[in-house]
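One-letter residues, chain by chain:
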Amino acid sequence: MTEPRTVRDRLRSEYFDLVPSMQRTLVALEADVRHLLLPVMIALDRYEQVRIVSRLKDCESAVDALRRRQEARDFASEEAETYSLSTLHDLVGIRVLVFPASRIAQVNQALEPLLADWSSDPVPGFESNDPPIALKYFGRSASAGTALIAEVQIVSSLIGSFWDVEHAAVYKTTPNLQGVMASPRMKSRYREVLSALREFENEFERLIQETSEIDAPSNPAT
Amino acid sequence: MDTTPEKDEILRSAGFRYHFDRMAYVNRKAKKVVSVEAVEDHSEEWLRQMIAQTNDSGDWRFYFDQPPPQSVIQAFVAELG
């Protein structure tokens, strides 16, 4: 006798039905982002960079992300039909990594034609008056013509790279470890890391600015 | 509200430990489970009252914002042993 399909089995099946739409959304969205950011990228100074990284969430990460959204971190068999991976906002994601961070506003402005109708969901700063850690938007890609909701993030290069390393080193093989981060003790350590990265970037930028002021011939003070 | 270090300390002092896979605080002795959402959405006073409640039933008590479905409770309890 065959075992009944579990909620996870059903979601894995849904994932593979969604893959063509995910791929289409990714290609269209990345093309739109690259197109809109081209003028910004061309005008960058030699030391500055804007990197565009795109990714499709893998099947197990998607199923686990949906599981973690349930308060008991489990799927109820009696509610199997109510779960859908299409409710996740980040099956398709584009991350724009920006250095220095002072270019973030410019990148954000350049992407405005794409993101104007999207929902803004920034990653908040540490204190109420701090700037957000990252700008995050979710919405549908008009160019892709799919129903999928995708995510675009704009983040400083160092913090974005830390997230990449954190993900690859800790969660890639074991997505449920992300639950560790909901602990206040880990949140506090996490905050310290991001704060140090932000300070590093700010100091770096301050020193570059200082040198450019010395080099500027029009500045009579130096 | 948030799961502040103060709330974490109140729960730990009362014997709760953090279960990362379930993202909940569990107290085996008192047979109580509190979700991170419930901790976030309630005050420290609420937590103290929850801790003070006696549980002589022998069954696990779940303090969640949304009561978990029966199948989920069964799986959770089986996992806790």
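Treat the numbers as computed from the prediction; the structure is a model and nothing was measured. (Residues numbered from 1 in each chain as written. Chains lettered and ligands numbered in written order. Predicted model: local features only at pLDDT ≥ 70, side-chain atom pairs only at ≥ 80, totals over all residues.)

## Let's talk about the overall build of chain A
1) Next: Along its length, chain A carries six helices and five strands.
2) Next: Its C-alpha atoms give chain A principal-axis dimensions of roughly 85 × 45 × 30 Å.
3) Next: In chain A, which comprises 222 residues, the proportion classed as buried is 28%.
4) Next: In chain A, once contacts between residues fewer than 6 apart in sequence are set aside, the share between residues at least 24 apart is 68%. (Helix = DSSP H or I, 4+ residues; strand = E, 2+ residues; numbered from the N terminus. Buried ≥ 20, exposed ≤ 12 C-beta atoms within 10 Å, placed from the backbone. Contact = placed C-beta atoms within 7 Å.)

## Some thoughts on the interface of chain B and chain A
1) Next: Counting residues at the interface gives 21 residues for chain B, matched by 18 residues for chain A.
2) Next: Of all the secondary-structure elements, those providing two or more residues to the side of chain B that touches chain A are helix H1 (5-13), helix H2 (36-41) and helix H4 (70-80) of chain B.
3) Next: Here the side of chain B that touches chain A takes four residues from H4(B), the largest share from any one element.
4) Next: Residues belonging to the side of chain B that touches chain A are distributed by class as follows: eleven nonpolar, five polar and five charged. (Nonpolar A, V, L, I, M, F, W, Y, C, P; charged D, E, K, R; others polar.)

## Comments concerning the confidence of the model for chain B
Residues and elements named next belong to chain B.
1) Next: In this model, chain B carries an average pLDDT of 92, and 98% of its residues clear a pLDDT of 70 or more.
2) Next: Ranking the elements of chain B by mean pLDDT puts H4 last, at 90, and helix H3 (residues 44-52) first, at 96.
3) Next: On the interface metric, ipTM, the complex scores 0.82, and its pTM is 0.86. (pLDDT = per-residue confidence, 0-100.)

## A look at unusual backbone geometry
1) Next: Residue A:Pro100 follows A:Phe99 across a cis peptide bond; omega there is 0 degrees.
2) Next: As for its position among the elements, A:Pro100 is in the loop between strand S2 (92-99) and helix H3 (104-110).
3) Next: Despite not being glycine, A:Arg73 shows a phi value in the positive range, around 55 degrees.
4) Next: Looking at the secondary structure, you find A:Arg73 in the loop between helix H2 (59-68) and S2.
5) Next: A positive phi angle, close to 50 degrees, is found at B:Met23, a residue other than glycine.
6) Next: Within the secondary structure, B:Met23 sits in the loop between strand S1 (17-19) and strand S2 (24-27).
7) Next: On the basis of neighbour counts, which here come to 24 C-beta atoms within 10 Å, the residue B:Met23 falls in the buried class.

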